[in-house]
Amino acid sequence: PFMVRYPRWFTGRSSVDFCEGNFESMRWIAEPYNTVSALPLVALGVLGVARCLRAEDGSGPEAALFVMLVFVGLGTIALHATLTTLGQAVDEVPMLLLTLWLAAKIEHARGATYLGVPVFLVSVLSVVSYLKFQHYYTCFILSYSSVVAYVVLRLGWLAFSPRAEDSLDAIRRHCIKPLFLFGTASYVLFGFVAWITDMLLCDSVSQLLFGGLL
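Residues numbered from 1 in each chain as written. Predicted model: local features only at pLDDT ≥ 70, side-chain atom pairs only at ≥ 80, totals over all residues. Heavy atoms only, no water.

**Some details on the overall build of the protein chain**
Here's step 1: Scanning the protein chain for helices and strands turns up 9 helices and 0 strands.
Here's step 2: The secondary structure elements of the protein chain, listed N-terminal to C-terminal, are α-α-α-α-α-α-α-α-α.
Here's step 3: The buried share of the protein chain, reckoned over its 214 residues, is 33%.
Here's step 4: Taking the contacts inside the protein chain whose residues are at least 6 apart along the sequence as the reference set, 60% of them involve residues at least 24 apart. (Helix = DSSP H or I, 4+ residues; strand = E, 2+ residues; numbered from the N terminus. Buried < 20%, exposed > 50% of the residue type's maximum accessible area, 1.4 Å probe, protein only. Contact = heavy atoms within 4.5 Å.)

So this is what it looks like as structure tokens:
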């Protein structure tokens, strides 16, 4: 590996780091493997936008969620490629906005009205608060996790609610519960567990993978 020598543009180190070595395999990309792993997010977002714009079932406004998913992917690339405060902000702000907008979309689909102004104000407040406390990674995790928990619990209630089933056709009633369970399990196993492993068990995993066992 290259000697760790930070590029000239590397200023303002991010408040979070990950298990992958920094600038060890490439001189200009901090974490190349983590950087590449974000490309599927961008691809899924682009595909989602294209599908929403072609759809004739009124799902065009949902394209905004997929646009934000594209920004999440690009932000993830920026963070892992640079590990700077700017890259971190470009990554985490879209994550906050995506979860907030998803929560608002759920309530709008359930008949809530006049959400535009409150969602806008909450989004602005979230961004301002994030920028104020960006160096405290725990603040971001608590904010993001709380909204994610709300989204998951709300979707779970809707998926298993008899009233929700009465409002769906037979095909959607048959699919909604398995899709919710699969999506939640995937998020927990491949998202939360992988993140915890990276954050708290980096040394142990590195020793297991590169200590001669594999």
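Still more ground to cover, so stick around.
**With respect to the state of the cysteines**
Here's step 1: The final tally for this structure, using the stated rule, is 1 disulfide.
Here's step 2: The disulfide that involves Cys19 links it to Cys202, with 2.1 Å between the sulfurs. The sign of the S-S torsion, about 90 degrees, decides the handedness of the disulfide formed by Cys19 and Cys202: right-handed. Of the two residues, Cys19 is situated in the segment before helix 1 (32-36) and Cys202 in helix 9 (residues 202-210); the sequence distance between them amounts to 183 residues.
Here's step 3: According to the relative accessible area criterion, Cys19 is partly exposed, its value standing at 23%.
Here's step 4: Using a relative accessible area of 17% as the deciding quantity, one classes Cys202 as buried. (Disulfide = S-S within 2.5 Å.)

**Quick look at the packing of helix 2 (residues 39-54) against helix 3 (residues 63-82)**
When two helices pack together, their arrangement is given by the angle between their axes and by how far apart the axes lie.
Here's step 1: Between helix 2 and helix 3, the least distance of the axes is 8 Å, while the angle of their chain directions is 165 degrees. By the angle between their directions, the pair helix 2 and helix 3 is classed as roughly antiparallel. Considering only the axes of helix 2 and helix 3, their crossing is left-handed. Contacts between helix 2 and helix 3 pair Leu39, Leu41, Val42, Leu44, Gly45, Val46, Gly48, Val49, Cys52 and Leu53 from the former with Ala63, Phe66, Val67, Leu69, Val70, Val72, Gly73, Leu74, Thr76 and Ile77 from the latter.
Here's step 2: Among the residues forming the contact of helix 2 with helix 3, the class breakdown is 16 nonpolar, 4 polar and no charged. (Axes fitted to C-alpha atoms, helices over the stretch in contact; angles between N-to-C directions. Parallel < 35°, antiparallel > 145°, perpendicular 65-115°, else oblique. Left-handed = near helix turned anticlockwise from the far one by under 90°. Nonpolar A, V, L, I, M, F, W, Y, C, P; charged D, E, K, R; others polar.)

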